[in-house]
Amino acid sequence: PAVLKMRAAMQAKDLSVNRQYAVLMCLKGLLKYINEVLKVPTLQPSEVLLPKRESREVEYLTSDEVQQMLAAIDVFTYSGARMRAFVELLLATGMRLSEALSLERSLFDAGMKETRIVGKGKRERDVFFSDRCISWVRYYLNKRTDSHPALFVTTGFDPRRWCREDISRFFIALRIRAKISKHLTPHLLRHTFCTHLLFNGVDIANIKTLAGHSDIGMTAKYYLGRDKRILRRELEGKLNYESNRTTTDTSSVSLVQLGS
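The model shown is predicted, which means the values in this text are computed figures rather than measured ones.

**Describing the confidence of the model for the chain**
Taken as a whole, the chain shows an average pLDDT of 85; of its residues, 83% reach a score of 70 or greater. In this model residues 246-260 is a low-confidence stretch, pLDDT under 50, and it forms 5 contacts with partners more than four residues away in sequence or in other chains.

**Looking at the environment of L24**
Note on placement: L24 falls in helix α2 (residues 17-36). Taking the relative accessible area as the measure of exposure, L24 reaches 0% and is therefore buried. Between the alpha carbons of L24 and M6 there is a distance of 9.1 Å; along the sequence they are 18 residues apart. In this structure L24 touches V3, M6, R7, M10, V48, L49, L50 and P51, once residues within four positions along its chain are discounted.

**A look at the pattern of salt bridges**
Summed over all chains, the structure comprises 12 salt bridges. In this structure, the salt-bridge partner of K182 is E65, at a minimum N-O distance of 2.8 Å. Of the two residues, K182 sits in the loop between α8 (164-178) and α9 (186-199) while E65 sits in helix α3 (residues 63-71), which places them 117 residues apart along the sequence. Between R144 and D146 there is a salt bridge whose closest N-O contact spans 2.7 Å. Residue class for R144 comes out buried when judged on its relative accessible area of 7%. Look at D146 and you get partly exposed, because its relative accessible area is 21%.

**Looking at the pairing of strand β1 (residues 114-118)**
Here β1 shows one buried face, formed by T115 and I117, and one open face, formed by E114, R116 and V118. Bridging between β1 and strand β2 (residues 124-128) involves 5 bridges; their strand directions are antiparallel. Paired with T115 across the bridge in β2 is V127. Counted between consecutive antiparallel strands, the loop separating β1 from β2 contains 5 residues, among which G121 sits at a positive phi close to 70°.

**Some remarks on helix α10 (residues 204-211)**
If you check which residues of α10 are buried, you get I204, I207 and A211. Seen from one end, α10 has its buried residues packed into an arc of 55°, which puts them on one side. Where α10 starts, the residue carrying a side-chain oxygen 2.8 Å from the main-chain nitrogen of A205 turns out to be D203. Note on α10: the residue one or two positions beyond its end, G212, has a positive phi of about 80°.

**Brief notes about the packing of aromatic side chains**
Taken as a whole, this structure holds 10 aromatic pairs when the rule is applied. Centroid distance F86 to F152: 5.1 Å. Interplanar angle 85°. Geometry classified as edge-to-face. With F86 in helix α4 (residues 78-93) and F152 in the loop between α7 (131-141) and α8, this residue pair connects regions lying 66 residues apart in the sequence. Taking the relative accessible area as the measure of exposure, F86 reaches 0% and is therefore buried. Residue F152 is classed as buried on the basis of its relative accessible area of 0%. Ring geometry for F86 against F171: centres 6.2 Å apart, planes inclined by 75°, an arrangement best described as edge-to-face. Of this pair, F86 sits in helix α4 while F171 sits in helix α8, and the two are 85 residues apart along the sequence. Taken as a pair, F86 and F171 share a single burial class, namely buried. Taken together, Y78, F86, Y140, F152, W162, F170 and F171 form an aromatic cluster joined through their ring pairs. Between the NZ or CZ atom of R84 and the centre of the ring of W136, over which it lies, the distance is 4.0 Å.

**A look at the side chain of E65**
Judged by its relative accessible area of 16%, E65 falls in the buried class. At a separation of 2.9 Å, a polar atom in the side chain of E65 contacts the main-chain amide nitrogen of T62. For E65, the contacting residues outside a window of four places in its chain are Y60, I180 and K182.

What counts and how
- Residues numbered from 1 in each chain as written.
- Predicted model: local features only at pLDDT ≥ 70, side-chain atom pairs only at ≥ 80, totals over all residues.
- Heavy atoms only, no water.
- pLDDT = per-residue confidence, 0-100.
- Contact = heavy atoms within 4.5 Å.
- Helix = DSSP H or I, 4+ residues; strand = E, 2+ residues; numbered from the N terminus.
- Buried < 20%, exposed > 50% of the residue type's maximum accessible area, 1.4 Å probe, protein only.
- Salt bridge = Lys/Arg side-chain N within 4 Å of Asp/Glu carboxyl O.
- Pairing = 2+ DSSP bridges.
- Arc of directions from axis to C-beta.
- Polar contact = N/O pair within 3.5 Å; in protein donor to acceptor, adjacent residues only side chain to side chain.
- Phe/Tyr/Trp six-rings, centres within 6.5 Å; stacked < 30°, edge-to-face > 60°.
- Lys NZ or Arg CZ within 6 Å of the ring centre and 35° of its normal.

So this is what it looks like as structure tokens:
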């Protein structure tokens, strides 16, 4: 009853379905902690029903929008060189924001073209740096005068590792300069990475591995079938009902024979 009252109160406040979903997920987490850690009998998390959310189209940057974004970065300044290196890294690897910020500069100082990272859910995966990505990261590193081990650091006399809170304003400013209407974020670049791989014929199983998803169902949910081009390409040349024997002249087959 208490949960029902909570849902009714959220609906009365006209909260969005996504907001209600987030609140109830927090409640389920709390109930799990009470049951499993505190060992206090209470409502089971499975008894809390979640509202059905509408499936949203995955947003990504088109090739033209990527070029539009890159052209808006002033690479002749330190902050611009850092931003270009950061953007190129995300476009080349599809890493999550936290994964990219955890990298050390020693990888590029040593000329590494790939590395193994620990991502979401403590899952390990390999990420690969393109030549273009490496070139821009080295360009940025050549502008640095500090010895901080982090790949991306703040400016100033005592730099620190770039953190999540530092990123937002740079992407907001870039979106405005590039005149991009989409919500430009590091995660949008991750979607762009995965979507462009799919458009260029990369198998969904390989995209799952490169993106570090927990299962292929999640990758398929986000990307497979989101664009008609993918569906059409999958059909072309894949449907062939003709046998090796002489093809039957369909004009001589009656509708009754066809079972209509």
